[in-house]
Amino acid sequence: MIERVNNASADRWEAEVSPHVDIEAWLRVLAHEATTGEYDGFAGEWTINNTYFYRTRDGKFRLTLWDRELCYDETALGRSVFSYFAENAFTRGFWQVPSLRARYLTLVGDAISRFSLGRYLSPRVDTIYAQIRQAAYEDRNKPYSDAEFETGAQFLRDFGFLR
């Protein structure tokens, strides 16, 4: 799989890689990471990080993701949905295939319209906020002030609108 991703020519990339990889699923992961601002994942600042490959019975590799705490932060607001593509062999490869490039852009657009916009994220932040606010205020050992807690909650509410 790695050899195919790394070495397939642009005109043969999809044909060479698709027997080994669920390309659609991987594009969905990339679109999700791009819209949430995750930069410590499959195509992040440290190339491939916090991602494991799992080979299923059908012979295709699936992604297992973990450690997703570096999303929804201020650094994501100005970051392109194409950030770090040059450093990742999979993103470099699929970007050469016009139909896959178009599919990725569609998935990013879908993710933005469905999940990242404030109308989706903000109510969920409000629900969680209501559940933890009192405990956050009463915690005597917290590493932040009540004002920082409120600022962080408001930022999360606004993230979908700002991104």
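The structure displayed is predicted, hence computed values, not measured ones.

A. The arrangement of the pairing of strand E1 (residues 51–55) in detail. For E1 and strand E2 (residues 61–65), the ladder comprises five bridges, and the chain directions are antiparallel. Along E2, the bridge assignment pairs Tyr54 with Arg62. The hairpin turn running from E1 into E2, its antiparallel successor, is five residues long, and Gly59 in that turn takes a positive phi close to 85 degrees.

B. Up close: empty space enclosed by the protein. Under the defined criterion, the tally for this structure stands at one cavity of 30 Å³ or more. Space inside the largest cavity adds up to approximately 120 Å³. Ranked by the residues each element gives to the lining of the largest cavity, the list is headed by helix H3 (residues 23–36), at three residues. Considered class by class, the residues forming the lining of the largest cavity number eight nonpolar, four polar and four charged.

C. Expanded view of H3. For H3, which comprises 14 residues, the first-to-last C-alpha distance of 20 Å matches the rise-based estimate of 20 Å (1.5 Å per residue) to within 8%. Residues of H3 that are buried include every one of Ile23, Trp26, Leu27, Val29, Leu30, Ala31, Glu33, Ala34, Thr35 and Thr36, and no others. The positive-phi residue at the C-terminal boundary of H3 is Gly37, with phi of around 80 degrees.

D. View of the packing of aromatic side chains. By the definition in use, this model includes 23 aromatic pairs. On the basis of an interplanar angle of 80 degrees and a centroid distance of 5.0 Å, the ring pair of Tyr72 and Phe159 is categorised as edge-to-face. Taken together, the residues span a long stretch of sequence, with Tyr72 in the loop between E2 and helix H4 (89–95) and Phe159 in helix H7 (residues 146–162) at a distance of 87 residues. On the basis of relative accessible area, Tyr72 is assigned to the partly exposed category, the value being 26%. Of the residues examined, Phe159 reaches a relative accessible area of 0% and is grouped as buried. Summarising the aromatic geometry, the rings of Phe85 and Tyr104 are spaced 5.4 Å apart at their centres and angled 55 degrees between planes, so their arrangement reads as tilted. With Phe85 in the loop between E2 and H4 and Tyr104 in helix H5 (residues 98–116), this residue pair connects regions lying 19 residues apart in the sequence.

E. Quick look at the confidence of the model for the chain. A residue-level look at the chain finds 98% of positions with pLDDT of 70 or above and a mean pLDDT of 88. Predicted confidence in the chain is weakest over helix H1 (residues 2–7), with a mean pLDDT of 81, and strongest over helix H6 (residues 118–138), with 93.

F. Spatial organisation of the side chain of Arg157. As for its placement among the helices and strands, Arg157 is situated in helix H7. A relative accessible area of 13% places Arg157 in the buried class. Separated by 2.5 Å, the side chains of Arg157 and Asp126 make a polar contact. Within the local environment of Arg157, its side chain forms a polar contact with the side chain of Gln154, the two groups lying 3.1 Å apart. Those residues in contact with Arg157 that lie beyond four places of it in its chain are Gly118, Ser122, Val125, Asp126 and Tyr129.

G. Molecular detail of the nonpolar core. Formed by 27 residues in total, the largest nonpolar core has its most connected members in Trp13, Leu27, Phe90, Phe94 and Tyr104. Once residues within four sequence positions are removed from consideration, Trp13 is found in contact with Arg4, Val5, Ala8, Ile23, Phe90, Gly93, Phe94, Val97 and Leu100. Within the second largest apolar cluster, five residues are counted, among which are Ala76, Leu121, Val125 and Phe155.

Reading the values: the criteria
Residues numbered from 1 in each chain as written. Predicted model: local features only at pLDDT ≥ 70, side-chain atom pairs only at ≥ 80, totals over all residues. Heavy atoms only, no water. Pairing = 2+ DSSP bridges. Helix = DSSP H or I, 4+ residues; strand = E, 2+ residues; numbered from the N terminus. 1 Å grid on protein atoms, 1.4 Å probe; cavity = no way out; pocket = protein on both sides within 12 Å on 5 of 7 lines; lining within 4 Å. Points joined across faces, edges and corners; volume = space filled by probe spheres on them. Nonpolar A, V, L, I, M, F, W, Y, C, P; charged D, E, K, R; others polar. Expected span 1.5 Å × (residues − 1). Buried < 20%, exposed > 50% of the residue type's maximum accessible area, 1.4 Å probe, protein only. Phe/Tyr/Trp six-rings, centres within 6.5 Å; stacked < 30°, edge-to-face > 60°. pLDDT = per-residue confidence, 0-100. Polar contact = N/O pair within 3.5 Å; in protein donor to acceptor, adjacent residues only side chain to side chain. Contact = heavy atoms within 4.5 Å. Core = buried A, V, L, I, M, F, W, Y, C linked by side-chain atoms within 4.5 Å.

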